Structures are given as C-alpha cells and as structure tokens.
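# Observations on chain architecture
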Amino acid sequence: MYDLAIIGGGINGVGIARDAAGRGLSVLLVERDDLAAHTSSASTKLVHGGLRYLEQYEFALVRKALKEREVLLHNAPHIIWPMRFVLPVDEGMRPAWFLRLGLFLYDHLGSRSILPGTKSLDLLKDARGTPLQKRLKKGFAYSDCWVDDARLVSLTARDAKERGADIRTQTECIGIERSADHWTLQLNGSDGGVTEQAKVLVNAAGPWVDPVTALYDSSNPAKLRLIKGSHIVIARKFEGDHSYIFQNKDGRIVFAIPYEGTHTLIGTTDQPWSYEEGPAKISDSEIDYLCAVASEYFAQPVTRGDVQWTYSGVRPLFDDHSQSASTVTRDYVFDYNEDGGAPVLSVFGGKITTYRVLARQAMKTLKSALHVETDDWTKDAPLPGGDFPVDGFDALVARYMQRWAFIDKDVMVRLVRAYGTDTAQILAGATDQAALGQYFGAGLYEAELRWLIEHEFAKSAEDVLWRRSKLGLHMSEGEQASLADWFTSQGRNRDLKTKTVKAKASGTVS
C-alpha cells in the first residue's frame with residue numbers, strides 16, 4: 001500500500017509527487033496519457049507574476065508568483081532563463097502613468113535580486129521599437145522568465161522517480177473505491193488491469209478533476225471553470241531575445257515571444273470549453289483574434305497565411321462565478337475532505353510558476369494524514385541537469401564543445417538548454433557522431449532518444465517531438481515518419497523480448 005496516490009501527470013501532480021517522495025513517502029502517480037499531454041504543455045511558456053492580475057486585485061497571487069521566479073530560475077537554469085518584455089504605450093488603452101504604477105508594484109511586490117527592474121523606452125530610438133508601428137512612441141521594458149513548460153514537468157517527474165516515486169504514464173484510473181482508512185484504485189495500462197491501494201488520494205487531474213471525483217462521489221457538484229487558451233506560431237517576426245506584450249481593446253493582453261530560434265509565439269486566448277467539444281483545438285475565430293491583435297502593433301501585419309503551427313490547452317480554473325473568462329481567478333484552490341473515509345485532496349487551478357509552492361502547501365494540508373514535516377526542502381533542490389550557476393550556461397556549452405568538438409554548436413546549445421549538465425551523460429563515451437547512433441534530423445540522434453525513453457518516460461515520437469522537445473517544428477514530414485517507425489520497431493523488439501522471456505520461463509524455448 002502506498003502512502004499517497006496521485007491522479008494526473010501535469011505540473012501540479014508531478015510537483016506534489018516530487019515533494020512527497022523527497023519526504024520519504026511512498027508515492028504512486030498515474031497519468032492516462034503522457035506527462036504534460038494537455039494543459040501543462042499548452043501554456044505561454046512563462047515563469048511570471050502575472051502583470052494583468054494586478055488589475056483584478058490578485059495581489060497575493062502576484063506576490064507569490066513573483067517570489068517564485070528566481071527560486072525556479074536557480075533550480076532549473078537550463079530550461080528557465082530571464083527575458084525582457086516590451087510593453088508599448090498605446091493611445092486609447094491603459095495610460096502611461098497607470099502602466100508605470102503597475103510595473104512599480106510588479107518590481108517591488110516580490111523579491112528580486114537577479115532580474116532587472118522596469119525601464120522607460122523611447123520606441124522611436126530604441127531598436128526594440130523598429131518592428132512596431134510608428135504611432136507607438138513610448139513603452140516600458142520589464143523582466144520575467146521563459147520556461148520550457150513540458151520539460152519542467154518531465155524533469156520534475158524524473159526527480160520524483162529518482163526519489164522513489166512510482167510514475168506510470170499511459171495508465172488510466174477507471175475506478176476508485178473509498179474505505180475508512182485507504183483508497184483502492186482500478187488502473188488500466190499497457191500491460192492490462194491492476195489494482196493498487198493508498199492511504200491518501202490526490203486528485204490533480206487538471207481539466208478532469210470533476211470526472212475523477214465522480215468515480216467515487218457522483219453527488220459532488222462540479223467545481224471547475226474550463227477555459228481554452230490557444231496560441232499561434234509564425235516565422236520569426238523580429239530580431240532580439242526580448243518579447244512584446246500587447247494590450248487589446250477587450251482589456252486582455254497578448255504576448256509575442258521568440259520561439260525555438262526561428263519562430264515567434266503569439267498568444268493567448270480565453271474561450272469557454274466543455275468536454276463535449278473533444279480535444280482542445282484552436283478555432284478560426286481565435287486565429288483571427290491573435291492575428292488582429294498582433295497586426296495592431298507590428299508594422300508588418302500577421303495573417304492567417306503566416307501561421308505555421310498552433311496549439312491549445314484547457315485551463316482547469318476554480319469556478320468563482322466570475323462573469324468573464326478573463327477574470328476567473330488563476331490562483332489554486334484546494335478541496336480537502338476526510339469526512340467520508342480516507343483523506344482526499346482535490347486541486348483546482350494553479351499556474352506553472354507556483355507549482356512548487358502548491359506542492360508544499362499540499363504537504364501542509366496532508367501533514368496530519370501522512371505524518372510528515374513540511375520544511376521547504378525543494379527551494380534549494382535543483383532539478384535534474386540544473387546544478388550549475390544561473391549565469392553559467394555559456395560556460396557549460398563551451399566546456400562541452402571542447403570535450404565533444406564533433407558536435408555542431410547549435411546542436412550542443414539545444415542539448416544543454418534541454419538537459420543541462422545531464423548532457424554529459426547523454427554524450428558519455430561518444431568519440432564521433434557515429435557513436436551517437438541513428439540520426440533522425442534536426443540534431444536528434446539515437447543516444448538522446450535512448451535517454452528520453454530510459455529517464456524521461458517518452459514512449460512515442462509525439463512525446464519526443466512535441467513535449468520533450470519542439471523538434472517537430474524543425475523536422476520534415478519524412479524525418480518525423482522515420483522517428484515514428486523507429487518507435488514502432490522498438491515496440492516490436494520489446495514485445496518479442498518479452499515473449500521470449502515468458503517462453504523461457506515456461507520451458508517452451510531452450
């Protein structure tokens with residue numbers, strides 16, 4: 001019997017699994033699909049305080065998130081790095097004094113020792129104003145951070161596993177039974193059905209928290225407000241490593257962010273979503289909306305023909321009965337219950353930025369049920385590959401380039417960005433490119449694939465191309481098909497080995 005069973009392999013679930021496993025608890029986490037398959041890989045890729053939430057008086061949420069930026073930056077400097085955001089002042093929108101006041105609060109609500117503060121910009125003289133329309137004369141530059149959201153999930157899950165957690169992807173929970181002192185879970189995975197038990201249950205199923213609750217309590221009312229957010233990806237729209245934040249007439253904001261070196265990411269939208277719609281997909285109206293907002297600011301308009309890729313996700317927000325989807329709280333809410341038997345904690349909402357704080361708060365909530373201390377051990381615990389200084393990325397790349405000079409520098413930069421110091425383990429023993437195994441294109445070798453399968457729970461080409469990386473943007477259809485064929489052949493080989501082992505065990509093969 002496990003101490004803790006967690007349903008959901010998004011950032012909240014894996015964050016709680018890591019925190020709990022690090023406290024010596026036995027932990028089981030099950031995820032129906034892949035890690036970060038839905039909401040946690042569909043964010044705007046930011047570790048930020050949420051500047052616009054100040055207008056909604058969410059000061060506690062903003063402060064909590066701002067304090068976390070540099071904590072996460074220190075713990076994962078390979079997949080999180082500082083970024084400057086340019087906020088143009090536009091007539092008819094929020095006035096300059098109002099924006100400056102908000103940015104003053106943003107600079108001072110949370111602790112900040114690495115990230116620089118806000119600066120005023122003359123967009124007619126500053127190079128960052130060049131891509132913008134000439135009516136935009138003034139603006140501000142402030143700081144937040146970029147994050148590879150899906151890799152944050154997979155690295156957190158990996159760390160949880162290394163600390164003893166049992167992480168099972170492609171495993172659906174199809175039945176839950178509550179007893180006085182434990183939970184019984186009916187699981188269905190690739191190897192068939194299995195039953196597991198745990199003393200405490202955490203429901204971190206994201207958009208499916210309510211349906212999971214219904215498995216053991218059909219009378220429990222729905223508590224989720226489901227909001228779809230969509231993004232478009234176009235060819236690189238501007239030079240530089242800064243981003244833009246644009247105001248729209250509807251009061252919302254849209255980001256334009258450098259993406260994957262050769263692209264620009266634009267998003268996001270806020271649209272109500274329901275289970276009946278099926279998998280979240282961008283609509284024509286959302287594409288038009290994002291193109292229109294970007295075209296209001298860029299000198300060269302963004303059109304539907306520019307869109308090279310899109311993605312959408314569903315935000316599982318706690319239903320606070322706000323009239324607008326944009327004003328629903330982004331803070332997390334816990335629903336803890338032990339009245340009907342064994343304890344259960346359901347998690348609603350949350351942000352990428354505050355996942356670590358959420359996990360610690362979950363442990364505080366479950367302290368008496370699990371008999372654990374609730375120190376803040378994760379604050380100074382780097383994620384895998386993140387054990388190097390925040391300003392040490394270039395030095396790490398240079399050191400590895402000396403050691404593996406046969407690797408193209410662009411490929412090495414990508415590897416270190418993805419894996420940090422673990423890059424040395426992926427490349428260990430390789431003296432030339434041939435030693436890295438089959439080449440699939442876009443700098444992807446078999447050695448990296450083996451690492452992702454063995455250490456990061458990757459089970460398909462999609463897992464690799466669109467979550468553990470975004471190499472799908474850089475590979476041809478033929479290259480992607482070759483990778484899918486490789487996974488298929490590996491699956492066949494594994495099945496053959498399994499059958500052979502079983503046959504030997506039964507004495508039918510000599």
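Our subject is the structure that appears above.
Residues numbered from 1 in each chain as written. Predicted model: local features only at pLDDT ≥ 70, side-chain atom pairs only at ≥ 80, totals over all residues. Heavy atoms only, no water.

## Some points on the overall build of the protein
Scanning the protein for helices and strands turns up 14 helices and 20 strands. Seen along its three principal axes, the alpha-carbon backbone of the protein occupies a region of about 80 × 60 × 45 Å. Within the span of the protein, comprising 510 residues, buried residues form 56% of the whole. Restricting to contacts in the protein with at least 6 residues of sequence separation, those with at least 24 account for 70%. Carbon and sulfur atoms make up 50% of the accessible area of the protein, which totals about 21,700 Å². Side chains of the protein give 60 positive and 66 negative charges; the mean places of these two sets differ by 4 Å. (Helix = DSSP H or I, 4+ residues; strand = E, 2+ residues; numbered from the N terminus. Buried < 20%, exposed > 50% of the residue type's maximum accessible area, 1.4 Å probe, protein only. Contact = heavy atoms within 4.5 Å. Areas by Shrake-Rupley, 256 points an atom, 1.4 Å probe, with all protein chains shown as cover. Lys, Arg positive; Asp, Glu negative; His and termini not counted. Charge placed at Lys NZ, Arg CZ, Asp CG, Glu CD.)

## Here's the deal with the pattern of salt bridges
For the structure on display, the rule yields 36 salt bridges. Between R69 and D144 there is a salt bridge, with its nearest N and O atoms 3.0 Å apart. Of this pair, R69 sits in helix 2 (residues 59-75) while D144 is found in strand 6 (residues 138-147), placing the two residues 75 residues apart along the sequence. Ionic pairing is found between E239 and R236, a salt bridge with its closest N-O pair at 3.7 Å. R236 gets classed as partly exposed once you look at its relative accessible area, which sits at 46%. In this structure, a network of salt bridges that share partners links the residues D34, E462, D463, R467 and R468. (Salt bridge = Lys/Arg side-chain N within 4 Å of Asp/Glu carboxyl O.)

## Here we look at the packing of aromatic side chains
Geometrically, a pair of aromatic rings is defined through the distance of the ring centres and the angle of the planes. Using the criterion set out here, one finds 23 aromatic pairs in the structure. Where W81 meets W146, the ring centres are 5.9 Å apart and the plane angle is 40 degrees; that geometry is what we call tilted. Taken as a pair, W81 in strand 4 (residues 80-88) and W146 in strand 6 lie far apart in primary sequence, 65 residues in all. Looking at W81, the relative accessible area reads 26%, which means it is partly exposed. Assessed through its relative accessible area of 7%, W146 is described here as buried. Look at W486 and F487: their rings are 5.2 Å apart centre to centre, the planes differ by 85 degrees, and that puts the pair in the edge-to-face class. You'll find W486 and F487 in the same group, each marked buried. Counting every residue linked through ring pairs, the aromatic cluster contains F238, Y244, F246, Y297 and F298. One residue, R417, lies across the ring of W81, its end atom 4.0 Å from the ring centre. When the ring centre of F393 is taken as origin, the NZ or CZ atom of R417, which lies over that ring, is 3.8 Å away. (Phe/Tyr/Trp six-rings, centres within 6.5 Å; stacked < 30°, edge-to-face > 60°. Lys NZ or Arg CZ within 6 Å of the ring centre and 35° of its normal.)

## Considerations on helix 2
The terminal C-alpha atoms of helix 2, which comprises 17 residues, lie 25 Å apart, in line with the 24 Å expected from a rise of 1.5 Å per residue. Its axis deflected by about 25 degrees at R69, helix 2 carries its strongest bend there. Among the residues making up helix 2, those that are buried are L61, V62, A65, L66, E68, R69, E70, V71, L72, L73 and N75. The inward-facing, buried residues of helix 2 abut strand 3 (46-47), strand 4, helix 3 (96-108), strand 6 and helix 7 (355-365). (Expected span 1.5 Å × (residues − 1). Bend = angle between axes of the 7 residues up to and from the residue.)

## Things to note about the pairing of strand 9 (residues 183-189)
Of all 7 residues in strand 9, 5 are buried, a share of seventy percent or more. Strand direction decides the pairing type here: strand 8 (residues 172-178) and strand 9, joined by 6 bridges, are antiparallel. Bridge pairing in strand 9 places G175 opposite Q186. Count of turn residues in the strand 8/strand 9 antiparallel hairpin: 4 residues. (Pairing = 2+ DSSP bridges.)

## Here we look at the pairing of strand 12 (residues 243-247)
Burial of strand 12 is extensive: 5 of the 5 residues sit out of reach of the surface. With burial as the criterion, each face of strand 12 is covered, one bearing S243, I245 and Q247 and the other bearing Y244 and F246. In terms of strand pairing, strand 4 meets strand 12 through 2 bridges, oriented parallel. Each bridged residue has a counterpart across the sheet, and for F85 the counterpart in strand 12 is S243. As paired elements, strand 12 and strand 13 (residues 253-259) share 4 bridges and run antiparallel to each other. What sits directly across from I245, in strand 13, is F255. Here strand 12 hands over to strand 13 after 5 residues, with G251 in that stretch at a positive phi of 90 degrees.

## A closer look at unusual backbone geometry
T268 follows G267 through a cis peptide bond whose omega is 20 degrees. The residue T268 is located in the loop between strand 14 (263-267) and strand 15 (271-272) in this model. One non-glycine residue, K45, lies in positive phi territory at about 65 degrees. Structurally, K45 can be placed in the loop between strand 2 (27-30) and strand 3. Residue classification places K45 among the buried residues on the basis of a relative accessible area of 1%. Phi is positive for H371, close to 60 degrees, though the residue is something other than glycine. Residue position: H371 is located in the loop between helix 8 (367-370) and helix 9 (393-403). Classification of H371 as exposed rests on a relative accessible area of 69%.

## Some remarks on the packing of helix 1 (residues 11-21) against helix 7
The relative placement of two packed helices is expressed as an angle between their axes plus a distance between the axes. Taken N-terminus to C-terminus, the directions of helix 1 and helix 7 make an angle of 55 degrees; their axes are 8 Å apart at the nearest point. One element, helix 1, and the other, helix 7, form an angle in the oblique class. In the crossing of helix 1 with helix 7, the sense of the turn from one axis to the other is right-handed. Across the interface between the two elements, I11, N12, G15, I16, R18, D19 and A20 from helix 1 touch Y355, L358, A359, R360, A362 and M363 from helix 7. In terms of residue class, the contact of helix 1 with helix 7 is built from 8 nonpolar, 2 polar and 3 charged. (Axes fitted to C-alpha atoms, helices over the stretch in contact; angles between N-to-C directions. Parallel < 35°, antiparallel > 145°, perpendicular 65-115°, else oblique. Left-handed = near helix turned anticlockwise from the far one by under 90°. Nonpolar A, V, L, I, M, F, W, Y, C, P; charged D, E, K, R; others polar.)

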